[in-house]
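# Structural features, examined
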Amino acid sequence: MHEVQQSKEMTLVNNRTLAEQNLALQPRLEHKKQQLSKRYSCLQENFESFQLRKSTLDHKSGNTSLDTLLALLQAEGAKIEEETEV
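Residues numbered from 1 in each chain as written. Predicted model: local features only at pLDDT ≥ 70, side-chain atom pairs only at ≥ 80, totals over all residues. Heavy atoms only, no water.

## Considerations on the overall build of the protein
- If you tally the helices and strands in the protein, you get 2 helices and 0 strands.
- What you see for the protein is a C-alpha radius of gyration of 25 Å, clearly larger than the 12 Å of a compact globule of 86 residues, by over 25%.
- Overall, the protein is about 85 × 25 × 20 Å in size when its C-alpha atoms are taken along their principal axes.
- A total of 86 residues make up the protein; the buried ones form 12% of that total.
- As displayed, the protein has an accessible area near 7,900 Å², and 59% of this comes from carbon and sulfur atoms.
- Counting 11 positive and 13 negative side-chain charges, the protein places the centres of these two groups 7 Å from one another. (Helix = DSSP H or I, 4+ residues; strand = E, 2+ residues; numbered from the N terminus. Rg over C-alpha atoms; globule rule 2.2 N^0.38 Å. Buried < 20%, exposed > 50% of the residue type's maximum accessible area, 1.4 Å probe, protein only. Areas by Shrake-Rupley, 256 points an atom, 1.4 Å probe, with all protein chains shown as cover. Lys, Arg positive; Asp, Glu negative; His and termini not counted. Charge placed at Lys NZ, Arg CZ, Asp CG, Glu CD.)

What follows is the structure in structure tokens.
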């Protein structure tokens, strides 16, 4: 019985230690999430810019395809969706 109580107390101490370590890492995690979000937004903007430039080039060369138009619509839809989330 004494061993069970002692094991329970050790488990509680270990859990508390792990919880404290997790809390100490929380600010770093939040910072990394923000960085990732900013980079993803930048990636989306660059992709949309690429799609528009590609569309312009295709239009000038007369090769506008349905795939290009679909990609443009998807990029614009993603942009609108992101704007509504912020």
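## A look at the pattern of salt bridges
- Under the defined criterion, the tally for this structure stands at 2 salt bridges.
- Of the charged contacts in the structure, one is a salt bridge between glutamate 20 and arginine 16, with a shortest N-O distance of 3.3 Å. Pair noted here: glutamate 20 and arginine 16 are both in helix α1 (residues 2-61), with a separation of 4 residues, about one helical turn.
- Residue classification places glutamate 20 among the partly exposed residues on the basis of a relative accessible area of 45%.
- With its nearest N and O atoms 3.8 Å apart, the salt bridge here joins lysine 33 to glutamate 30. In this pair, lysine 33 and glutamate 30 both sit in helix α1, 3 residues apart, roughly one turn of the helix. (Salt bridge = Lys/Arg side-chain N within 4 Å of Asp/Glu carboxyl O.)

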